[in-house]
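Fold and geometry: a report
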Amino acid sequence: MILKTRGKEAVGGLFTAIDARHIYMTSKMVEEYSGLLIQPHKAIVGANAFAHESGIHQDGMLKNKATYEIMEPADIGLERTNAAGISLGKLSGRSAVKEKLRELGYEVNDEEMKAIFPRYKSVAEQKKHVTDADLVALVSDELFNPEVFWQLRDLQVTCGTLGMSTATVKLTDADGKEQTACSVGTGPVGSAYKAIDLIVKAPATLLEYSMNAVTEGIDAIAATRVVIRSDDSIATNAVTGQKAYRTFSGTGAAMDITVSSVRAYVGALNKLVSFNKDSAVKGCALAAAGVC
């Protein structure tokens with residue numbers, strides 16, 4: 001961005017072929033996959049980069065944006081305002097949601113909208129306004145997930161100080177068949193994860209669990225990221241020769257933190273099951289070819 005904004009004057013027109021409009025979304029993608037949150041004061045992509053709170057700054061921005069901003073938010077793919085005047089809420093239809101997604105950089109087809117819109121309506125019924133961050137979280141959770149072997153259908157948890165936490169989980173497999181399991185644990189998330197393990201039966205150990213609120217307020221969407229270890233899959237480092245367990249990550253988003261946590265765990269398990277399935281297919285192919 002230094003070259004884009006000052007390259008002509010400072011270094012004789014030096015430029016790159018990078019499409020800067022993808023910077024913001026790329027940064028958010030790295031944030032989601034790594035689990036490392038972007039600091040608000042981070043240059044260019046931080047929440048404060050294009051925010052102006054003091055009166056002097058606000059006055060200067062109203063008179064001339066170039067006073068305090070040497071680049072436009074749109075230059076990095078950040079839509080600060082809605083040019084069409086669309087404010088998303090519970091009465092918004094598919095066309096308005098699809099148009100807003102297009103402004104945010106998502107080209108969503110009709111099939112994908114069928115998956116996104118019901119979840120959007122569920123959130124909109126509970127929130128007065130659905131923010132851009134809410135919408136991005138829902139799209140990321142719904143569309144950018146691994147091949148689905150297991151999908152959350154229903155979840156019921158009971159927790160508190162009066163007894164052990166219990167969870168009942170209903171999952172749908174790839175053939176559309178429903179399976180239900182119940183379990184107890186030290187908390188709603190732990191008991192739900194144990195119930196899922198009873199259904200999926202894929203030996204795994206939870207290594208990392210993190211959660212953050214996508215927006216402010218008590219009605220914020222919770223974004224969860226988990227990392228699990230496959231207990232029956234060991235990889236060998238090609239350089240050092242050391243052996244280590246394979247790990248798989250998953251993300252989930254929902255207004256209910258337990259639902260968000262379950263979505264993330266199921267997503268990670270789907271990656272694990274997919275990997276084991278591919279490994280088995282390759283092993284059979286090699287055996288049939290007489291390689292091993």
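The paragraphs below set out a description of the structure included in this document. Numbering of residues starts from 1 in every chain and runs along the sequence as written. Residue-level local features of this predicted model are given only where pLDDT is at least 70; pairs of side-chain atoms are given and counted only at 80 or more, and the full residue set underlies all totals for whole chains, interfaces and linings. In computing side-chain values, all of the structure's heavy atoms are included and hydrogens and water are not.

1. Re the sheet that holds strand β2 (residues 165-173)
Heads up, the condition is: Any two strands between which DSSP finds at least two bridges are classified as paired. Only DSSP runs of H or I reaching four residues or more are called helices, and only runs of E reaching two or more are called strands; each is numbered from the N terminus. Axis definition: a line fitted to C-alpha atoms, limited for helices to the stretch in contact. Angles are taken between N-to-C directions and run from 0 to 180 degrees. Here, residues are in contact when the closest pair of their heavy atoms is within 4.5 Å.
A sheet is described by the order of its strands in space; here three strands give the open sequence β1-β2-β3, paired in antiparallel fashion. Every other strand in the sheet has two partners, leaving β1 (150-158) and β3 (178-185) as the edge strands with one partner each. Taking each pair of neighbouring strands and ignoring which way they run, the sheet shows an average axis angle of 20°. One ladder, built from eight bridges, connects β2 with β3; its direction is antiparallel. Bridging across to β3, T166 finds its partner in V184. Sitting on the sheet, helix α7 (residues 188-200) touches β1, β2 and β3, and the angle it makes with β3 is about 140°.

2. Notes on the packing of helix α4 (residues 94-103) against helix α6 (residues 132-143)
Just so we agree on the cut-off: In what follows, roughly perpendicular refers to angles from 65 to 115 degrees, roughly parallel to angles under 35, roughly antiparallel to angles over 145, and oblique to any angle outside these ranges. For this classification, the nonpolar set comprises Ala, Val, Leu, Ile, Met, Phe, Trp, Tyr, Cys and Pro, the charged set comprises Asp, Glu, Lys and Arg, and every other residue, Gly included, is treated as polar.
Viewed as axis vectors pointing N to C, α4 and α6 meet at an angle of 90°, and their least axial separation amounts to 11 Å. Classified by the interaxial angle, the pair formed by α4 and α6 is roughly perpendicular. Taken together, the residues of α6 that come into contact with α4 (itself represented by V97, K100 and L101) are D132, L135 and V139. For the contact of α4 with α6, a count of residues per class yields four nonpolar, no polar and two charged.

Shape descriptors only; they carry no functional weight alone.
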